[in-house]
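Working through the structure, step by step
Okay, here's what each chain looks like letter by letter:
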Amino acid sequence: MRKMILSVIFILALIIQSVASAADFNSVDWSKAPRIGNKNDFAAYIRNCERNNQTLIPMYIANDLVIKGDEFLKFTNLTQYVNATFEYVNGKPNRVLYEIMIYPGAKVVYAYRTGNTSILDENERQLYAKAIKIVGEAKRQPTPLRRELYIHDAITQASTYYNEKDNHLGAHHLTAVGALLEGRANCQGYADAFYMLGTMCGFNVGKINGVADNGPHVWNTIEFGDGKYYCVDVTWDDASFKMNGSNSEYNNYIYFNAPLEIMQTTHRWEKAYYPTLQSKVDGRYFYMTKEFSDTRGKYFGFHSRTAEDALNYIARRVADEGCRLSWAMAPYSSKYADSSFVGRHLTNEILPQYYNFYGSTRISVTHRGNYLFFTVDAVRNK
């Protein structure tokens, strides 16, 4: 009798675990659902479903693989996590149905690829029209790198960083709608916009969910068709510097096609679940490109062969323009990594001796990978 009671209790428990999701479970075709038991296969499956605009993702479970909540985000590119409903058999997870929300930028990409704009709501239709216009201009640029630069700057020009504490699902500042239509977005919005525009331009673009500044952060990966992956963090490139005493803002391009050696100094992510990045700075890193060197002076920054050359470049700009925020990149040198030394050398030696400039300077030296980045804000004495 006791054994029968226990059996009934177990059956009731199994029914209770499954009944809450019966309708959802029955709404999908389980015959096509794979059985997955490791995280690499899980990541590949989820991202394929995302690309197909699939908001309900069924999966049979092997090896007790239970992934939900914040952990789920490590494996996604284009979606926000909504819910996961698990079915258990004999105390073990048997299958799961994930419910996700596709980012507007990803929905626009899907509509662009398939020609099916009926899946878009009113905001997304406006975003689609905006994206078509930007991409059309970008595709007129003569090289792939100039196309990428065009969409990168279109985002930074349209948006200002904004991070509301109430990050509820569907909030516009989390998406390309916020970045391109409303002019304010957090890192998710910037990354959604770059994914959308970059993919529509023909690049292989993804997203990375990781950590930067000790908090959650999202940025992009990009690949040009030759198997080399780089990172693009439009959020961290946007209006990073301001001129002393004015409202003018300058983007930098430190995170434009950044390799592993640059990214790993400031960003952290689960590398096993994302493409392997190009290890070192190469000809696609913005400050190493012909596109940058051919338009010297148009874009903020300067790439120098040595740290001393970088400081001389900055001094010349300061002296010529009086009040100027200047920036330069140079190969790493332990001597010039010391901001106190750089400040004394620039203010007391280079500027007065060679450029007859006397004034106050504020200097920052940042070390990223095998490179130094100098930022100098100078004001001439009256």
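Cut-offs applied
Residues numbered from 1 in each chain as written. Predicted model: local features only at pLDDT ≥ 70, side-chain atom pairs only at ≥ 80, totals over all residues. Heavy atoms only, no water. Helix = DSSP H or I, 4+ residues; strand = E, 2+ residues; numbered from the N terminus. Buried < 20%, exposed > 50% of the residue type's maximum accessible area, 1.4 Å probe, protein only. Contact = heavy atoms within 4.5 Å. Axes fitted to C-alpha atoms, helices over the stretch in contact; angles between N-to-C directions. Left-handed = near helix turned anticlockwise from the far one by under 90°. Nonpolar A, V, L, I, M, F, W, Y, C, P; charged D, E, K, R; others polar. Pairing = 2+ DSSP bridges. pLDDT = per-residue confidence, 0-100. Core = buried A, V, L, I, M, F, W, Y, C linked by side-chain atoms within 4.5 Å. Polar contact = N/O pair within 3.5 Å; in protein donor to acceptor, adjacent residues only side chain to side chain. Expected span 1.5 Å × (residues − 1).

A word on the overall build of the protein chain
Per the secondary structure count, the protein chain includes 13 helices and 16 strands. Residues classed as buried in the protein chain amount to 49% of the 382 residues present. For the protein chain, contacts bridging at least 24 residues in sequence account for 60% of all contacts bridging at least 6.

A word on the packing of helix 6 (residues 144–158) against helix 8 (residues 187–200)
One can describe the packing of helix 6 onto helix 8 by two numbers: an axis separation of 10 Å at closest approach and a directional angle of 150 degrees. Relative to helix 8, the crossing made by helix 6 is right-handed. Taking contact as the criterion, the partners of Glu148, Ile151, His152 and Ile155 in helix 6 are, on helix 8, Tyr190, Ala193, Phe194, Leu197 and Gly198. Taken together, the residues that form the contact of helix 6 with helix 8 break down as six nonpolar, two polar and one charged.

A closer look at the sheet that holds strand 8 (residues 215–223)
In space, the five strands of this open sheet follow the order 12-9-8-7-13, with antiparallel pairing throughout. Each edge of the open sheet is held by one strand with a lone partner, namely strand 12 (256–258) and strand 13 (267–268). Sheet topology note: the strand 7 (residues 204–212)/strand 8 ladder contains nine bridges and is antiparallel. Directly across from Asn209, in strand 8, lies its bridge partner Val218. Packed onto the sheet, helix 6 meets strand 8, strand 9 (229–232) and strand 12 and runs at close to 115 degrees relative to strand 12.

Notes on the sheet that holds strand 3 (residues 79–89)
Read from one edge of the open sheet, four strands run 1-2-4-3, paired in mixed fashion. With partners counted over all chains shown, the strands left at the sheet margins are strand 1 (35–36) and strand 3, one partner each. In this sheet, strand 2 (residues 56–61) lies alongside strand 1 in parallel orientation, the contact comprising two bridges. Along strand 2, the bridge assignment pairs Ile36 with Ile61. Lying over the sheet, helix 3 (residues 39–51) contacts strand 1, strand 2, strand 3 and strand 4 (92–102), oriented at roughly 160 degrees with respect to strand 2.

So, the confidence of the model for the protein chain
Mean pLDDT for the protein chain: 85, with 87% of residues reaching 70 or above. Below pLDDT 50 for its whole length, residues 1–23 participates in seven contacts with residues either more than four positions away or in separate chains.

Details of the nonpolar core
Ranked by internal contacts, the top residues of the largest apolar core, which has 78 residues, are Phe42, Tyr98, Leu180, Met196, Leu197, Ile262 and Tyr285. Setting aside residues up to four positions removed in sequence, Leu180 forms contacts with Leu127, Lys130, Ile134, Ala154, Ile155, Ala158, Ala193, Met196 and Leu197. Core analysis: the next-biggest nonpolar cluster, separate from the first, contains 21 residues, Val318, Ala328, Leu351 and Phe357 among them.

Notes on the environment of Asp338
Tracing the chain through its elements places Asp338 in the loop between strand 14 (324–331) and helix 13 (339–355). Asp338 sits in the partly exposed class, given a relative accessible area of 37%. Within polar-contact distance, the side chain of Asp338 engages the backbone nitrogen of Ser340 at 2.9 Å.

Points about helix 3
Taking 1.5 Å of rise per residue, 13 residues should cover 18 Å, and helix 3 covers 18 Å from first to last C-alpha, within 8% of that figure. Of all the residues in helix 3, the buried ones are Phe42, Ala43, Tyr45, Ile46, Arg47, Cys49 and Glu50. For helix 3, the secondary structure elements touched by its buried residues are strand 1, strand 2, strand 3 and strand 4. The N-cap of helix 3, judged by a side-chain oxygen 3.2 Å from the amide nitrogen of Asn40 a few residues on, is Asn38. Looking one or two residues beyond helix 3, the residue adopting positive phi is Asn53, at roughly 60 degrees.

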